[in-house]
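# Structural characterization, general
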Amino acid sequence: MLSNFGFGDKWVEWIKECITSARISVLINGSPIGEFSPQRGLRQGDPFSPFLFNIATKGLSLLLSRALELEIIKGVKIGSGSVGLTHLQFADDSILFCEADLVEVRNLKRILRWFEVLSGLKINYHKSVVCGVGVQDELMNEYASVLNCKVFQFRRELYDWERVEVSRLITVLETAPSTKSDAEDALVWVASKSGSFSGSSLYKNLAAGYGNKCPTSKSVWVKYILPRVQFFGWLAWKGRLKTTDFLLRIDVLTDNTSAV
């Protein structure tokens, strides 16, 4: 792989010597056992490993890009500009994209096999998963069988509190008022009879502590809001927040105290 990317023979020999001459010892019950040579080359903790791995995965990236040019795979289209995307890579993780088509899935498996032959690396399919968006379970199981991996499940079992929240949301949606399909959307100020905002209606609403449609207390003590947020809103409504004016009024601060 290094030679294909243009590295000189001497550099390749240096890297090979650094890898093959290493010795590893494993601790068992706190005691080291006999040393042995690693067989796969790349290993955790080796400063060379991330650089060599990036070079190796660059080969996979080139294979996928070339396959896209030859229309062996189609990948996905993103954005209004229809940008083609076949893969994303971060560290030692890779995400490959293709259409939900059996032929394209098989072509993707062939590309991965070519990468194994060219790089000498082995893909661990048992740690890989296949997932689809809007794809039937039968097709997903077939694709997983072709790729020899598992099907990734987006959904998990809901916790009890999540079931309660889902039921509450369904109830809210079912009891939501119907909208007029022939009327345009518009903002309505419920604190005035005309539905239009005015300074006087806002003042009257705050002074009285309730509006024409929604009492202030019901706006503060809402069960969907965090308790500390409800309490803060109640203090603000009652004018009991420890502001500078409040502290001056109860003689905690003096007139000469800086507000900063």
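That block above? That's the structure.
The sections below set out a description of the structure shown in this document. In this text, all values refer to a predicted model and were calculated from it rather than measured experimentally.

### What to know about the overall build of the protein chain
Scanning the protein chain from N- to C-terminus turns up 9 helices and 8 strands. Buried positions account for 20% of the 260 residues belonging to the protein chain. Within the protein chain, residue pairs in contact and separated by at least 24 positions form 31% of the contacts whose partners lie at least 6 positions apart. Summed over all atoms, the accessible surface of the protein chain reaches about 20,600 Å², with 57% contributed by carbon and sulfur.

### Observations concerning the pattern of salt bridges
Taken as a whole and judged by the stated rule, the model has 4 salt bridges. Between arginine 113 and glutamate 116 there is a salt bridge, and its shortest N-O distance comes to 3.1 Å. In this pair, arginine 113 and glutamate 116 both sit in helix α3 (residues 102-119), 3 residues apart, roughly one turn of the helix. The exposure class of arginine 113 is partly exposed, given its relative accessible area of 43%. Its relative accessible area of 9% is what places glutamate 116 among the buried residues.

### Side note on the packing of helix α2 (residues 48-69) against α3
Packing of α2 against α3 brings their axes to within 10 Å, and their N-to-C directions diverge by 145°. Here the hand of the crossing between α2 and α3 comes out right-handed. For the pair formed by α2 and α3, the contact residues are Ala56, Gly59, Leu60, Leu63, Leu64 and Ala67 on the first element and Leu108, Ile111, Leu112, Trp114, Phe115 and Leu118 on the second. Taken together, the residues that form the contact of α2 with α3 break down as 11 nonpolar, 1 polar and no charged.

### Here's the deal with the nonpolar core
Within the largest apolar cluster, 9 residues are counted, these being Leu60, Leu64, Ala67, Ile73, Leu108, Ile111, Leu112, Phe115 and Tyr125. Elements supplying a minimum of two residues to this core: α2 and α3. In this view, leucine 64 contacts Ile73, Thr86, His87, Leu96, Leu108 and Ile111; residues no more than four positions away in its chain are not counted. Among the nonpolar cores identified, the runner-up in size contains 7 residues, and Val105, Val130, Met140 and Cys149 belong to it.

### What to know about unusual backbone geometry
In the Ramachandran plot, glutamate 71 falls in the positive-phi region, its phi being about 60° despite a non-glycine side chain. Following the sequence through the fold, glutamate 71 ends up in the loop between α2 and β3 (76-78). Phi is positive for asparagine 148, close to 60°, though the residue is something other than glycine. You can see asparagine 148 is positioned in the loop between α4 (137-147) and β8 (150-151). By relative accessible area, which is 44% here, asparagine 148 ends up partly exposed.

### Observations concerning the environment of glutamate 35
Position of glutamate 35 relative to the elements: it lies in the loop between β2 (31-32) and α2. Each C-alpha atom of the pair glutamate 35 and serine 25 lies 4.6 Å from the other, and the pair is 10 residues apart in sequence. Beyond its immediate stretch of four places on either side in the chain, glutamate 35 contacts Arg23, Ile24 and Ser25.

### Describing α3
Taking 1.5 Å of rise per residue, 18 residues should cover 26 Å, and α3 covers 26 Å from first to last C-alpha, within 8% of that figure. Residues of α3 that are buried sit in contact with α2, β6 (93-96) and α4. Count one or two residues on from α3 and you reach glycine 120, which has phi positive near 80°.

### A look at the side chain of asparagine 107
Mapping asparagine 107 onto the fold places it in helix α3. Setting aside residues no more than four positions away along its own chain, asparagine 107 makes contact with Ile72 and Ile73.

### Some words on the environment of proline 32
In this fold, proline 32 is placed in strand β2. Accessibility expressed as a relative area gives 58% for proline 32, which makes it exposed. Setting aside anything within four residues of it in sequence, one finds proline 32 in contact with Ser25, Val26 and Leu27.

### Examining the packing of α3 against α4
Two elements in contact, α3 and α4, have axes separated by 9 Å at closest approach and are oriented at 25°. Considering the angle they form, α3 stands roughly parallel to α4. Both α3 and α4 take part in a crossing whose hand is right-handed. Residue-level inspection shows Leu102, Val105, Arg106 and Lys109 of α3 in contact with α4, the latter providing Glu142, Tyr143, Val146 and Leu147. Here the contact of α3 with α4 is built from residues that sort into 5 nonpolar, no polar and 3 charged.

What counts as what
Counting restarts for each chain: residues are numbered from 1 in the order of the written sequence. Whole-chain, interface and lining totals are the exception, using all residues; otherwise, since this is a predicted model, local features are given only for residues with pLDDT of at least 70 and side-chain atom pairs are given and counted only at 80 or more. Derived side-chain values reflect all non-hydrogen atoms in the structure, with water molecules and hydrogen atoms excluded from consideration. A helix here means a DSSP run of H or I that spans at least four residues, while a strand means a run of E at least two residues long, and both kinds are numbered starting from the N terminus. Only protein chains enter the accessibility calculation, which uses a 1.4 Å probe; a residue is then buried when its area is under 20% of its type maximum, exposed when over 50%, and partly exposed in between. Here, two residues are considered to be in contact whenever any of their heavy atoms come within 4.5 Å of each other. All accessible areas in this document rest on Shrake-Rupley with a 1.4 Å probe, and a residue is counted as covered only by the protein chains that are shown. When a carboxyl oxygen of Asp or Glu lies within 4 Å of a side-chain nitrogen of Lys or Arg, that pair is called a salt bridge. Lines fitted to C-alpha atoms define the axes, with helix axes restricted to the stretch in contact, and inter-axis angles between N-to-C directions lie between 0 and 180 degrees. Left-handed describes a crossing whose near helix is turned anticlockwise from the far helix by less than a right angle; the clockwise case is right-handed. Classification used: nonpolar for Ala, Val, Leu, Ile, Met, Phe, Trp, Tyr, Cys and Pro, charged for Asp, Glu, Lys and Arg, polar for all others including Gly. Side-chain atoms within 4.5 Å are what join buried Ala, Val, Leu, Ile, Met, Phe, Trp, Tyr and Cys residues into a set we call a nonpolar core. To estimate the expected span of a helix, count its residues, drop one, and scale the result by 1.5 Å. These descriptions rest on fixed angle ranges, namely under 35 degrees for roughly parallel, over 145 for roughly antiparallel, 65 to 115 for roughly perpendicular, and the rest for oblique.

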